[in-house]
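Coordinate inspection notes
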Amino acid sequence: MDDPSTENLNVTTSQLKGFSFQESFCLVVMNGPDKGAVRNLTVGRTTLGRSERTDLPVAGKGISRVHAYLEIAEDGTVTLIDNGSTNGVFLQGVRVQTAEVKPGEVFALGPELKIRLESTDGGLHELIQDMYRNSKLDALTNLLNRRAFEERMEEESAVTKRHGLNSCLAIIDIDHFKAINDTYGHDAGDEVLRQLAVTLKDKVRTGDLVARWGGEEFVVYIRQSDLEGAKVLLDRLRISVADLEIPIAGGPTLSITFSAGLVSLRNYPDWKVALNKADEGLYLSKENGRNRVTEMNSQEHA
């Protein structure tokens, strides 16, 4: 079974190179978990679906692994093709098997995901993408913000339940962060947050989600992993963070640690309830000396 859809934020204007006609195209997600996201298109066939193996992974209810194709010809004609999906492809509200799509038209994959084709130049593309980033990403750390993470978790939770998968959720808090701000100033604190974010994003697996939850707290969604495997990942993250040497302007090089709580989603129909349980684990990690990961509901592995 292919993995469910994954976050695809690193879209750059360099992907627009290679067009042999004057117009270039992008897709703008109109609703669903990735509302506002921009996806660039190139000449040839582009696959869309929830699988990470598609050219453009997309999220939404009823999306097949490879749901549809977009074919862009050398003359700029864009053709939408249903790949035998269960829930269909719709253009301007009408179900189609194959249809030409023109700039400004909206097509849908399944019952939820609506996408608009745009003819664009680099400047407009960057404006649209900036709007998306401002609504989805935390400005300081460039990770998903809390609202965007909540939207993604609603979709991820639905996919996990539908396919009987097991995933885990962790909440992370920087140890003694207030002391860093009080001693070295908020600029130092901001640099600590940025460096932690870079490390978390770099060290998690492809398909996992990392977000800034608020203040010095971060959340990590570990897709398709049991508690034991997720614990191995969190400990690896913890060690990597403890090895950081963070230079501070006009001050010393700082080292930091984090504490975390970890929970499996298998026994929780509501991921927010699971996150509260993980938060209890975080509290225990702090109480028991910090710089550790505490697993909750570990009786699953007794």
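First, a word on scope: everything that follows refers to the structure included in this document. (Residues numbered from 1 in each chain as written. Predicted model: local features only at pLDDT ≥ 70, side-chain atom pairs only at ≥ 80, totals over all residues. Heavy atoms only, no water.)

1. Description of the overall build of the chain
A count of helical and extended segments in the chain gives six helices and 18 strands. Within the chain, the proportion of its 302 residues that are buried is 52%. Within the chain, residue pairs in contact and separated by at least 24 positions form 61% of the contacts whose partners lie at least 6 positions apart. For the chain, the computed accessible surface area is about 13,800 Å², with 46% contributed by carbon and sulfur atoms. (Helix = DSSP H or I, 4+ residues; strand = E, 2+ residues; numbered from the N terminus. Buried < 20%, exposed > 50% of the residue type's maximum accessible area, 1.4 Å probe, protein only. Contact = heavy atoms within 4.5 Å. Areas by Shrake-Rupley, 256 points an atom, 1.4 Å probe, with all protein chains shown as cover.)

2. Structural notes on the sheet that holds strand 9 (residues 98-101)
Two pairing modes exist for strands in a sheet, parallel and antiparallel, and in both the strands are linked by backbone hydrogen bonds. Taken together, the five strands give an open sheet; going across it, the order is 4-3-5-6-9, and neighbouring strands pair in mixed fashion. Of all the strands in the sheet, just strand 4 (56-57) and strand 9 have a single pairing partner and so form its edges. Pairing geometry for strand 6 (residues 78-82) and strand 9, over four bridges, is antiparallel. The partner of Leu 80 across the bridge, within strand 9, is Ala 99. (Pairing = 2+ DSSP bridges.)

3. A closer look at helix 4 (residues 186-203)
Its 18 residues place the ends of helix 4 26 Å apart at the C-alpha level, agreeing with the 26 Å of an ideal helix rising 1.5 Å per residue. When we look at burial in helix 4, the residues that qualify are Ala 188, Gly 189, Glu 191, Val 192, Leu 193, Leu 196, Ala 197, Thr 199 and Leu 200. (Expected span 1.5 Å × (residues − 1).)

4. Regarding the nonpolar core
Core analysis: the biggest nonpolar cluster contains 33 residues, and Phe 218, Ile 222, Leu 234 and Leu 262 have the highest contact counts within it. Put simply, the parts of the chain that give this core at least two residues each are strand 12 (168-174), helix 3 (177-184), helix 4, strand 14 (217-222), helix 5 (227-242) and strand 17 (258-264). With residues up to four places along the chain from it excluded, the contact list for Leu 234 reads Ala 170, Ile 172, Ile 222, Phe 258, Ala 260, Leu 262 and Val 293. By size, the runner-up hydrophobic cluster in this structure holds 24 residues, among which are Val 29, Leu 41, Val 78 and Leu 109. (Core = buried A, V, L, I, M, F, W, Y, C linked by side-chain atoms within 4.5 Å.)

5. A few points about the side chain of Glu 118
If you trace the backbone, Glu 118 turns up in strand 11 (residues 113-120). Relative accessible area serves as the criterion here: at 16%, Glu 118 is assigned to the buried category. Looking at Glu 118, its side chain comes within polar contact range of the side chain of Arg 116, at 2.3 Å. Setting aside residues up to four positions removed in sequence, Glu 118 forms contacts with Ser 24, Phe 25, Cys 26 and Val 28. (Polar contact = N/O pair within 3.5 Å; in protein donor to acceptor, adjacent residues only side chain to side chain.)

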